[in-house]
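Architecture at a glance
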Amino acid sequence: MGHAQYVSTLVAAVVAGGALLAVKSYGPGSNLGSLGYFVAPLPPKGPLGPFSTQDNHGYESADQISPVVPKSYHAKRSPHLYAVQFISDSPKNLGRDDLAIRLASAGRPWPKRSLIFTAHGLAGYPVRSMTKSSVKAEFVAPLFDRPPSPWQVKVDDLRPSLPPISAYDRLTLQSLDAYRRLAGPGSLQYDPELALAAKAHARYLAENGYDAPSFHDEQRGRKDYTGAKPWDRDMAFGWPSELAGEVGIEWNQRMEPPIVIQNLIDTVYHRLDLLSDNLYREGQGTSFGRSGAMVMDLGFGYAKDLPRTVRYPYPGQVGVPIFWTDLESPDPMPGGFGKVYGYPITMDMPTAARMQGVSFSLLEGQRPLPAHVDRPNHGDMDANQAALVPYLPLPPDTVLTVRFSAEVIFQDGKEAAVHLSWQFATGGGAVSVTAIPQGGHRVRVAVASTGQGVALAGERVRIYRGRAMVASARTNRQGWAELSLPRGTGWYLAKTATGNAMAFKEDKRYG
């Protein structure tokens, strides 16, 4: 039988422009466990897994059956499918197993119907008429010696309207996708149900403050309460799994999406979450005032094809910031909150169950640079992740070499010695650059101080194609500039006067 594995990760705080901005998150990170996850009684979206592939990609073998039963929860939107999930088995096989789900409300059983099986392993009954009453469900699997497993769903509303994607939401996704595209994971999609949960939590923070009882937790009985934990709220508004995360920034004034994303990518734990290969949906909400916040709710699922590694800075990256102000909590640097260090380096191995004997180093030529290594299973680091933070700012305009080795036990039980080496080049300052293709041969470039969230106005930005400069502009008061590109497709580099940079590609995806 399968089981679920959940990891609570990522809490951070950032100070920007004199105002305290808290960047915090709970969630599964990129290590989602090898067997399965709970599924709320709602249909799947997009590529939500899990999947059984030819070489297994670290998940269960195809001949195992693992029913995963939802927990009881409080729904803000009426479900239209009550289901359990099976890991790595076909609907044809499941259809022979005499499975059943019994539904009842107000003590009265619902009419029996045939179980349906989706392509994503969900087995359940669709709801033809919605109800606001509490529904009790029991899963029965007699051939597997599994006793009835009841869960209960209390429904508040039938179908509240879903928010359309705004220009701010779209730019947030574009900003994050710009980084994910370079590092390897796939693009994200806007999810209106996650957006409902994020907007509800932003309202709660504005009304009750960040300590009621914390940025991510809500307290029953307070105004605008919708769920104690992020995943409770996400499931309540329609996300079909407890595999959900939340990041957020406390603010008094709105920040541009590229600056928000830069802040998160420039951390350790948040970066690992946002660059996860298993992250594929996002929704957000904002509020303003003394306890205003920008809240991003993240939806995870098992991806069909996983990269061997997700590394950042990625191999061949240029213009990397030379230092970073540590304002992240939990703190990747013991006792280092508020201090300045070299730019963080992170490593994620999605199909690994755990890594042993980790060696992680950064070299200038043949000289190792002194650094702190945040090892797997240490603090908020997952068993298949590691990070390196140099104690001193990195040398400017220099090619550096990263070396990583470990004995890796993969989730399919195989073991292998892994040895990796890659290089990146620094820029000249602690400046983060985000370049976001906008379609129509235009690109938006944002510039901010690394790790502090301060948008840099009046910064000269130049666009290069190869060695040729093709466009130039200065950033506005919000820290960004929009530039025109020459016709054609290909790779470009957005570069500041400090030599900090970000690559981007103009191709058919952007029009």
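In this report, we go over the structure that sits alongside the text. Note that this is a predicted model, so its numbers are computed, not measured.

A look at the overall build of the protein
Each helix and strand counted, the protein has six helices and 32 strands in total. Considering the protein as a whole, with its 511 residues, one finds that 60% of them fall into the buried category. Taking contacts inside the protein between residues at least 6 apart in sequence as the whole, the part at least 24 apart equals 70%.

Topic: unusual backbone geometry
Put simply, alanine 212 and proline 213 share a cis peptide bond, and its omega is 0°. Considering the arrangement of structural elements, one finds proline 213 in the loop between α3 (192–208) and α4 (230–236). At the junction of tyrosine 312 and proline 313, the peptide bond is cis and its omega measures out at -5° in the coordinates. Here proline 313 is to be found in the loop between β16 (310–312) and β17 (323–325). Of note, the phi angle at asparagine 377 is positive, near 65°, even though the residue is not glycine. Note that asparagine 377 resides in the loop between β22 (371–374) and β23 (385–390).

Some remarks on the side chain of serine 449
Its place among the elements puts serine 449 in strand β27 (residues 442–449). When residues no more than four places from it in sequence are discounted, the contact partners of serine 449 are Ala430, Val454 and Leu456.

A short note on the pairing of strand β19 (residues 345–348)
Every second residue of β19 is oriented toward a common face, with Ile345 and Met347 on one face and Thr346 and Asp348 on the other, all of them buried. As judged from the four bridges shared by β19 and β23, these two strands associate in the antiparallel manner. Paired with threonine 346 across the strands is alanine 387, a residue of β23.

Focus: the sheet that holds strand β30 (residues 480–484)
Spatially, the three strands line up as an open sheet ordered β26-β27-β30, and their pairing is antiparallel. The two strands at the open ends of the sheet, each matched to only one other strand, are β26 (431–437) and β30. Averaged over neighbouring strand pairs, the angle between their axes works out to 20° when direction is ignored. Bridging between β26 and β27 involves seven bridges; their strand directions are antiparallel. Following the sheet pairing, valine 433 is matched in β27 by valine 447. Contacting β26 and β27, helix α2 (residues 167–183) runs over the sheet at an angle of about 110° to β26. The strands touched by helix α5 (residues 257–265) within the sheet are β26 and β27, with β27 carrying the most contacts at an inclination of about 55°.

Some thoughts on the nonpolar core
Of all hydrophobic cores here, the largest spans 86 residues; its most connected members are Ile265, Met349, Phe360, Leu362, Phe404, Val445 and Ile463. With seven residues, the top contributor of residues to this core is α2. Not counting the four nearest positions on each side in its chain, methionine 349 is found in contact with Arg308, Thr309, Met355, Asn384, Phe404, Val408, Phe410 and Val418. Val69, Leu99, Ala141 and Met235 belong to the second-largest nonpolar core, a separate cluster that totals 21 residues.

A word on the sheet that holds β22
Strand order in this open sheet of four strands is β16-β19-β23-β22, and the pairing throughout is antiparallel. Each edge of the sheet is formed by a strand with only one pairing partner; in this case those strands are β16 and β22. Each adjacent strand pair in this sheet contributes to an overall mean axis angle of 10°, direction not counted. Sheet topology places β22 next to β23; four bridges connect them, and they run antiparallel. Of the residues in β23, the one forming a bridge with aspartate 374 is alanine 387.

What to know about the pairing of strand β32 (residues 501–506)
Strand residues, when the strand is regular, have side chains that alternate between the two faces of the sheet. The buried count for β32 comes to five of six residues, which makes it a mostly enclosed element. Once strand β31 (residues 490–496) ends, the chain turns through four residues before running back antiparallel as β32, passing glycine 499 with a positive phi of about 90°.

Observations concerning the packing of aromatic side chains
Here the structure, examined in full by the defined rule, presents eight aromatic pairs. Each ring, one from tyrosine 210 and one from phenylalanine 215, has its centre 6.1 Å from the other, and the planes form 25°; the classification is stacked. The same class applies to tyrosine 210 and to phenylalanine 215, which are both buried. Its guanidinium or amino end placed over the ring of tryptophan 480, arginine 444 lies 3.7 Å from that ring's centre, counting from NZ or CZ.

Some details on the pattern of salt bridges
Applying the stated criterion to the full structure yields eight salt bridges. Linking arginine 281 and aspartate 191 is a salt bridge whose minimum nitrogen-to-oxygen distance equals 3.4 Å. Of this pair, arginine 281 sits in strand β14 (residues 279–287) while aspartate 191 sits in the loop between β12 (189–190) and α3, and the two are 90 residues apart along the sequence. The same class applies to arginine 281 and to aspartate 191, which are both buried. Note that glutamate 364 is salt-bridged to arginine 367, the shortest N-O span being 2.5 Å. What you see here is one network of salt bridges that share partners, running through Glu218, Arg233 and Glu246.

Notes on the environment of serine 214
Along the polypeptide, serine 214 turns up in the loop between α3 and α4. Judged by relative accessible area, which is 19%, serine 214 ranks as buried. In this structure the side chain of serine 214 is engaged in a polar contact, spanning 3.2 Å, whose partner is the backbone nitrogen of aspartate 217.

As for α3
Given 3.6 residues per turn, any residue in an α-helix points the same way as the ones three and four places further on. Over its 17 residues, α3 runs 24 Å from end to end, which matches the ideal 24 Å to within 8%, given 1.5 Å per residue. The element α3 is largely enclosed, with a buried count of 12 among its 17 residues. Buried positions along α3 lie against β12, α4, β13 (244–250), β14 and β15 (293–300). Between the side-chain oxygen at the start of α3 and the backbone nitrogen of glutamate 193 there is a gap of 3.0 Å, and the oxygen is on aspartate 191. Following α3 by one or two positions, glycine 209 has its phi on the positive side, about 95°.

Observations regarding the packing of α2 against α5
Running from amino to carboxyl end, α2 crosses α5 at an angle of 40°, the nearest separation of the two axes being 8 Å. In terms of their interaxial angle, α2 and α5 are classed as oblique. Here α2 and α5 pass one another in a crossing that is right-handed. Contact residues: Tyr168, Leu171, Thr172, Ser175, Leu176 and Tyr179 in α2; Pro257, Pro258, Val260, Ile261, Gln262 and Ile265 in α5.

Thresholds, definitions, all that
Residues numbered from 1 in each chain as written. Predicted model: local features only at pLDDT ≥ 70, side-chain atom pairs only at ≥ 80, totals over all residues. Heavy atoms only, no water. Helix = DSSP H or I, 4+ residues; strand = E, 2+ residues; numbered from the N terminus. Buried < 20%, exposed > 50% of the residue type's maximum accessible area, 1.4 Å probe, protein only. Contact = heavy atoms within 4.5 Å. Pairing = 2+ DSSP bridges. Axes fitted to C-alpha atoms, helices over the stretch in contact; angles between N-to-C directions. Core = buried A, V, L, I, M, F, W, Y, C linked by side-chain atoms within 4.5 Å. Phe/Tyr/Trp six-rings, centres within 6.5 Å; stacked < 30°, edge-to-face > 60°. Lys NZ or Arg CZ within 6 Å of the ring centre and 35° of its normal. Salt bridge = Lys/Arg side-chain N within 4 Å of Asp/Glu carboxyl O. Polar contact = N/O pair within 3.5 Å; in protein donor to acceptor, adjacent residues only side chain to side chain. Expected span 1.5 Å × (residues − 1). Parallel < 35°, antiparallel > 145°, perpendicular 65-115°, else oblique. Left-handed = near helix turned anticlockwise from the far one by under 90°.

Worth remembering: the numbers are spatial, not functional.
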